[in-house]
Amino acid sequence: MGSFYSKESSLTMAKKRKLQELLRRRKVAQIVEQVPNLPRNKAEEYLKDDGKGSASSVHTPKTAVTNSSDESHKHDAAGAPAASDVPTTSDATVISEAPAATIEPVSDSNAEPTETKGQGLEISTGPLDEATFESTNLPNGIHEHQALEAPESPKVAATDFLQYDQLPKLAPPDEPPKPGTELILEELIGAIQNGYPAAHLRDYLSYYHRTDETVLKEKLNGEVGGFPAIFFVVETNNSELIRYWIKYGGDPNTTYGPLRFPLLAFAILNGASSRLEATRTTETLLRLGASPLAIPVAYYDPFNRDLPSSGPDDQELVKDINDENKLWCTVEVRPLLAAALNLTQRYRLWQASKLKPSSGRERTLAFRKDAEEILGLQHTIIGQRLAVWSLRKSFIIQLAMPGRKPLVLLFAGPKGHGKNELANRLAHLLSLDIEMVDCTSFNSEDELLGSKSSEPSKGTQLNNFLARNAGERSIVMLDEFEKTDRKIHDALLIPFDQGEYTDRRNGQNLDCSQTIWVLATSKFDQIISEFCELNREILSASDLGPELLDLHRQLCRRLRRECIENFGAPLTSRISEVIPFLTFNEDEQAVLADRCIMELEIALASPVVNSTNPDEEKLVGNVQMRILDNAAVCSTIAKDYYLPEVGVRSITGGVDNAITNPLISQYLEDGEDFTEDQPETKFEVGTNQDNEVEVSLITASAQ
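What you are looking at is a predicted structure, and each value in this text was computed from that prediction instead of being measured.

### Things to note about the packing of aromatic side chains
Following the criterion strictly, the structure yields 16 aromatic pairs and no others. With a centroid separation of 6.4 Å and 70 degrees between ring planes, the pair formed by Phe-524 and Phe-567 is classed as edge-to-face. One end of the pair, Phe-524, is in the loop between strand 14 (515–521) and helix 22 (525–534); the other, Phe-567, is in helix 24 (residues 546–567), and 43 residues separate them in sequence. Both residues of the pair, Phe-524 and Phe-567, belong to the buried class. Of the aromatic side chains, those joined through ring pairs into one cluster are Phe-227, Phe-231, Phe-232, Tyr-256 and Phe-266.

### Brief notes about the sheet that holds strand 15 (residues 577–580)
Strand order across the open sheet formed by five strands is 10-11-14-9-15, with parallel pairing between neighbours. With partners counted over all chains shown, the strands left at the sheet margins are strand 10 (434–438) and strand 15, one partner each. Geometrically, the sheet is characterised by an average inter-axis angle of 20 degrees between neighbouring strands, direction not taken into account. As paired strands, strand 9 (residues 407–412) and strand 15 are joined by four bridges and run parallel to one another. The residue bridging Leu-409 from the neighbouring strand is Glu-577, located in strand 15. Relative to the sheet, helix 17 (residues 419–429) contacts strand 9, strand 10, strand 11 (474–479) and strand 14, its axis offset from that of strand 11 by approximately 170 degrees.

### Considering the sheet that holds strand 18 (residues 693–699)
Within the open sheet, the three strands sit side by side as 16-17-18. Their pairing is mixed. Of all strands in the sheet, those bounded by a partner on one side alone are strand 16 (623–627) and strand 18. Neighbour-to-neighbour, the strand axes of the sheet open up by a mean angle of 25 degrees, direction not taken into account. Direction of pairing for strand 16 relative to strand 17 (residues 681–687): parallel, over a ladder of five bridges. Across the sheet, the residue bridging to Arg-626 is Glu-684, located in strand 17.

### A short note on the environment of Leu-410
Within the secondary structure layout, Leu-410 lies in strand 9. In sequence terms Leu-410 and Thr-572 are 162 residues apart; their C-alpha atoms lie 9.3 Å from each other. Residue contacts for Leu-410: discarding those within four places in its chain leaves Leu-519, Thr-521, Phe-524, Cys-563, Phe-567, Ile-575, Glu-577, Val-578 and Ile-579.

### Details of the nonpolar core
Counting 94 residues, the largest nonpolar core has Ile-189, Trp-245, Ile-295, Tyr-299 and Ile-659 as the members making the most contacts within it. A total of eight residues in this core trace back to one element, the largest contributor, which is helix 26 (residues 586–605). Counting 42 residues, the second-largest nonpolar core is a separate cluster that includes Leu-386, Leu-448, Phe-481 and Leu-582.

### Here's the deal with helix 6 (residues 198–211)
Between the first and last C-alpha of helix 6 there are 20 Å, a value that for 14 residues agrees with the 20 Å anticipated at 1.5 Å per step. Packed against the buried residues of helix 6 are helix 5 (185–193), helix 7 (213–220), helix 9 (239–247) and helix 15 (360–368).

### What to know about the side chain of Glu-480
Relative to the assigned elements, Glu-480 resides in the loop between strand 11 and helix 20 (486–491). Setting aside residues no more than four positions away along its own chain, Glu-480 makes contact with Lys-415, Asp-438, Cys-439, Thr-440 and Ala-520.

### What about helix 16 (residues 385–400)?
Note on helix geometry: an α-helix contains 3.6 residues per turn, so any two residues three or four positions apart are oriented the same way. Compared with an ideal rise of 1.5 Å per residue, which puts 16 residues at 22 Å, helix 16 spans 23 Å between its outermost C-alpha atoms and is within 8% of the ideal. The set of residues buried in helix 16 consists of Arg-385, Leu-386, Ala-387, Val-388, Ser-390, Leu-391, Arg-392, Ser-394, Phe-395, Ile-396 and Leu-399.

### Details of the packing of helix 11 (residues 275–287) against helix 26
Packed helix pairs are characterised by how far apart their axes lie and by the angle those axes make with each other. Running from N to C, helix 11 and helix 26 point in directions that differ by 130 degrees, and their axes come no closer than 8 Å. When the axes of helix 11 and helix 26 are compared, the pair comes out oblique. Across from Arg-275, Leu-276 and Thr-279 in helix 11, the residues of helix 26 making contact are Asp-594, Ile-597, Met-598, Glu-599, Glu-601 and Ile-602. Of the residues assigned to the contact of helix 11 with helix 26, the class counts are four nonpolar, one polar and four charged.

Reading the values: the criteria
- Residues numbered from 1 in each chain as written.
- Predicted model: local features only at pLDDT ≥ 70, side-chain atom pairs only at ≥ 80, totals over all residues.
- Heavy atoms only, no water.
- Phe/Tyr/Trp six-rings, centres within 6.5 Å; stacked < 30°, edge-to-face > 60°.
- Helix = DSSP H or I, 4+ residues; strand = E, 2+ residues; numbered from the N terminus.
- Buried < 20%, exposed > 50% of the residue type's maximum accessible area, 1.4 Å probe, protein only.
- Pairing = 2+ DSSP bridges.
- Axes fitted to C-alpha atoms, helices over the stretch in contact; angles between N-to-C directions.
- Contact = heavy atoms within 4.5 Å.
- Core = buried A, V, L, I, M, F, W, Y, C linked by side-chain atoms within 4.5 Å.
- Expected span 1.5 Å × (residues − 1).
- Parallel < 35°, antiparallel > 145°, perpendicular 65-115°, else oblique.
- Nonpolar A, V, L, I, M, F, W, Y, C, P; charged D, E, K, R; others polar.

Okay, here's the thing in structure tokens:
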């Protein structure tokens with residue numbers, strides 16, 4: 001196995017160690033000056049981890065963010081539990097360090113020391129060459145004897161986080177990285193910065209994971225250009241790239257530099273071309289194990305409020321100000337963080353902080369069954385905490401005790417409250433095929449499954465899906481199941497009970513024991529709505545406590561009795577779990593409105609397209625929309641438009657009425673024609689003194 005270490009410079013080891021010690025002492029002095037009341041020994045600890053005094057070291061959750069005094073809030077990264085759990089091959093492919101790829105210079109000359117900004121400090125650093133050492137001059141004119149005596153350090157400039165928009169840009173490799181070639185981290189990051197597809201990264205990392213999991217993990221948590229490699233991956237705001245990097249060993253709780261600037265904070269401050277992309281990046285990191293405790297709690301608890309422009313006040317931050325893991329959140333950073341966080345991101349942070357972390361056995365089981373992403377399912381859904389908790393529990397039990405009987409779930413709840421979305425999210429996370437069946441379009445068993453006649457037939461869509469996925473994990477969702485009749489119920493008894501199905505085309509027995517069946521119904525809406533109304537206060541509790549879980553069990557028992565009356569005892573007895581979907585509370589309604597607004601922003605920002613083809617033509621475009629008072633706007637829309645009978649559809653209609661329609665009306669009044677190169681039109685959306693949503697044209701197109 002090739003070495004992971006870079007080649008030695010021309011310095012002798014003794015001289016190199018001496019110069020490193022001088023640099024370390026100067027950096028300690030700078031940290032002490034930048035952070036008031038910080039003892040010198042604490043500053044020394046921040047530079048201890050890599051043994052070199054580097055201003056850019058990678059820290060694991062154990063020594064950084066998750067080293068919290070509150071043990072109950074430790075969050076675990078989704079990943080491999082142990083190297084021994086994964087088979088390795090004997091012909092290990094070499095994964096070694098190579099000379100660094102070309103990095104575009106960030107200063108006029110890299111022969112002279114340059115100012116590198118990081119974590120609120122401007123720490124001078126220069127190349128460790130012979131000339132630098134022999135001059136005995138440290139950067140900024142600090143001499144060896146001065147550093148050894150630790151005099152007063154020079155004034156450090158104010159925090160500047162613009163460097164996070166300026167990670168080093170690497171040249172793309174001559175050839176895209178391919179499995180079987182040498183894994184060179186700099187070349188891989190260069191490829192990612194230049195559009196390396198997520199599917200290729202998955203195949204590439206999967207290959208090396210089978211070869212040597214431990215070596216790959218070390219490599220993925222290495223540095224490029226002085227920054228942790230995972231920072232470059234997160235900078236892309238490509239959720240799939242981030243997903244695979246962490247899946248194969250990347251640490252979502254990586255920190256950078258002496259003040260331990262967390263990856264999660266970098267993702268938030270780095271932002272994206274759209275709020276929706278930035279939100280998806282935050283959701284992905286949290287789902288894959290990033291600790292929300294890396295961010296001061298006052299920024300997201302409570303989440304449904306608009307933060308002051310300067311960020312939470314000192315009284316709210318009192319618990320975090322003295323936390324050594326949050327020294328990065330200086331007075332200069334706080335307003336930037338407040339401006340960057342949108343309502344949905346704050347909700348995701350709050351949500352993650354309230355979730356109980358998975359146990360070691362749950363993580364190991366999910367990993368061995370190639371289903372580790374089920375552990376982060378909650379981070380993909382707005383609301384429906386109890387439904388996700390029930391689904392996750394049922395699925396993990398099925399993994400632990402596999403058998404011939406498939407998992408059969410009943411999703412019961414009003415339309416527009418996440419039944420279809422949860423099934424689709426499960427399929428996406430586990431990379432499963434899913435067949436969505438609208439039961440309102442079938443009047444008989446033959447229409448749903450196919451004829452039992454001996455004559456060869458093409459088969460129905462569901463029949464052929466079951467045949468195509470025989471023996472494989474997949475999902476079948478029968479929507480509006482209450483519209484089916486007793487003959488269809490009887491036809492499903494054997495597949496539900498024995499995991500077997502007869503192909504209607506040829507009579508061949510098929511294995512459907514791995515199929516996840518979801519029966520979705522709105523039959524019991526009245527019962528669920530009354531339950532939500534009677535228990536509104538308890539249901540709004542932030543934690544899934546004993547009282548809430550007890551109420552949930554009572555509701556499930558009642559729904560199961562209703563199932564027997566409506567679908568019969570034989571079918572009901574084969575349902576593994578009844579999962580109720582509750583109506584959204586006021587805070588969840590606001591977050592749903594925010595999601596709808598973010599989707600609208602994406603649609604409006606895309607360019608105008610003039611085309612004779614009506615399907616291609618797009619006349620409303622190149623529009624930028626800035627949301628003021630994010631929480632107030634979303635809460636107002638939710639309050640005015642949410643209807644429990646139709647759920648998110650009413651929120652979507654509310655966004656159209658309050659924002660889309662007035663915005664397009666003003667857009668059409670502005671300008672004489674539609675051109676593909678027309679200037680950008682800017683709008684602001686906020687609330688007025690009467691707490692009404694107001695859309696204002698800020699920049700008119702110059703036509």
